[in-house]
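# Understanding the architecture of this molecule
Residues per chain are reported as follows:
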Amino acid sequence: MNFDPIIYHLSLHSAGIIAGAFLIVVALVGLLKPDFAHVVQRFPRSRVAGIVLLTICLVWSFWLVATIQMGEFSGFRRPLLIALPIGYVLSLLFVDEFLAVRALGILCLLAAEPLLDAAFLRHETSRLLLTVFAYLLIIAGLFWVAVPYVLRDQINWSARSVFRWRCLHAIALVYGGVILGFTFARY
């Protein structure tokens, strides 16, 4: 049996550009528009954001299940491909509370895997910048799916003062800049 563990075929260079650019864009929005915090505070209960994010998660998960090598579990492919849209519809119907947060948590869990996959078996110590970011996504995703009000509390805490909001976004800007710097210098 031909087993290919790589799903995404994303290089460390490409993963570094994506992660670094993402962090920089999010940080710049937070730094340049501190009043954007009021928009972010409405996110946890946004039904539209929940539907959009959950739809992205459904498409991504469906693609993964349809294309991944499952080995001895390949008999589960068809039931999973049927269960995913059913779970999607049931979630839209019955998970009204913090749907956007739960969907964002699922998206974080899905996004962490390509980053870890790109850094797998690489010898550069700087690959750990992406690995740490991926594990932060995993931890956040697990909390946001299981205990979604945590994101609401995190947003309210960070938006309590403009100084705190800007400090957190400055940290994200520096981290994204360091990732991009190492991406172009090392990978």
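Quick notes on the rules
- Residues numbered from 1 in each chain as written.
- Predicted model: local features only at pLDDT ≥ 70, side-chain atom pairs only at ≥ 80, totals over all residues.
- Heavy atoms only, no water.
- Phe/Tyr/Trp six-rings, centres within 6.5 Å; stacked < 30°, edge-to-face > 60°.
- Lys NZ or Arg CZ within 6 Å of the ring centre and 35° of its normal.
- Core = buried A, V, L, I, M, F, W, Y, C linked by side-chain atoms within 4.5 Å.
- Buried < 20%, exposed > 50% of the residue type's maximum accessible area, 1.4 Å probe, protein only.
- Helix = DSSP H or I, 4+ residues; strand = E, 2+ residues; numbered from the N terminus.
- Contact = heavy atoms within 4.5 Å.
- Salt bridge = Lys/Arg side-chain N within 4 Å of Asp/Glu carboxyl O.
- Axes fitted to C-alpha atoms, helices over the stretch in contact; angles between N-to-C directions.
- Parallel < 35°, antiparallel > 145°, perpendicular 65-115°, else oblique.
- Left-handed = near helix turned anticlockwise from the far one by under 90°.
- Nonpolar A, V, L, I, M, F, W, Y, C, P; charged D, E, K, R; others polar.
- Disulfide = S-S within 2.5 Å.
- 1 Å grid on protein atoms, 1.4 Å probe; cavity = no way out; pocket = protein on both sides within 12 Å on 5 of 7 lines; lining within 4 Å.
- Points joined across faces, edges and corners; volume = space filled by probe spheres on them.

## What about the packing of aromatic side chains?
- Throughout the structure, instances matching the rule amount to two aromatic pairs.
- Sitting over the ring of Trp 157, Arg 164 keeps its end group 4.3 Å from the ring centre.

## Brief notes about the nonpolar core
- Judged by nonpolar contacts, the single largest core of 37 residues is most densely connected at Leu 115 and Leu 130.
- Elements with a contribution of two residues or more to this core: α1 (12-32), α3 (47-67), α4 (77-94), α5 (99-119), α6 (127-146) and α7 (149-158).
- When residues in this core are grouped by element, the largest group, eleven residues, is from α5.
- Not counting the four nearest positions on each side in its chain, Leu 115 is found in contact with Ala 15, Ala 19, Leu 130, Phe 133, Ala 134 and Leu 137.

## Focus: the pattern of salt bridges
- Scanning all chains against the criterion turns up four salt bridges.
- A salt bridge links Arg 47 to Asp 96; the shortest N-O distance between them is 3.5 Å. Highlighted residues: Arg 47 in helix α3 and Asp 96 in the loop between α4 and α5, separated in sequence by 49 residues.
- By relative accessible area, which is 34% here, Arg 47 ends up partly exposed.
- The exposure class assigned to Asp 96 is exposed, which follows from its relative accessible area of 54%.

## Quick look at the packing of α1 against helix α8 (residues 162-186)
- Running from N to C, α1 and α8 cross one another at 155°; their axes reach a closest spacing of 8 Å. Between α1 and α8, the angle falls in the class roughly antiparallel. You can see that α1 and α8 cross each other, and the crossing is left-handed.
- A breakdown of the residues in the contact of α1 with α8 according to their chemical character gives 16 nonpolar, eight polar and one charged.

## A look at the state of the cysteines
- Counting across every chain of the model gives zero disulfides.
- Unpaired in this structure, Cys 57 has its nearest cysteine sulfur neighbour in Cys 108, at a distance of 8.9 Å.
- Take Cys 108: its relative accessible area is 9%, and that puts it in the buried class.

## Topic: the layout of surface pockets
- A volume near 1600 Å³ is recorded for the largest pocket.
- In terms of lining, the largest pocket is formed by 38 residues, of which the most central are Phe 22, Leu 23, Val 26, Leu 104 and Trp 144.
- If one sorts the elements of the lining of the largest pocket by residue count, α1 sits on top with eight residues.
- Residues of the lining of the largest pocket, tallied by class, amount to 34 nonpolar, four polar and no charged.
- Estimates place the volume of the second largest pocket at around 230 Å³.
- Contributing to the lining of the second largest pocket are 15 residues, with Leu 54, Gly 87, Tyr 88, Ser 91 and Ile 106 lying nearest its centre.
- Elements that contribute at least two residues to the lining of the second largest pocket include exactly α3, α4 and α5.
- Per-element accounting of the lining of the second largest pocket gives the leading share, five residues, to α4.
- Residue classes in the lining of the second largest pocket are distributed as eleven nonpolar, three polar and one charged.

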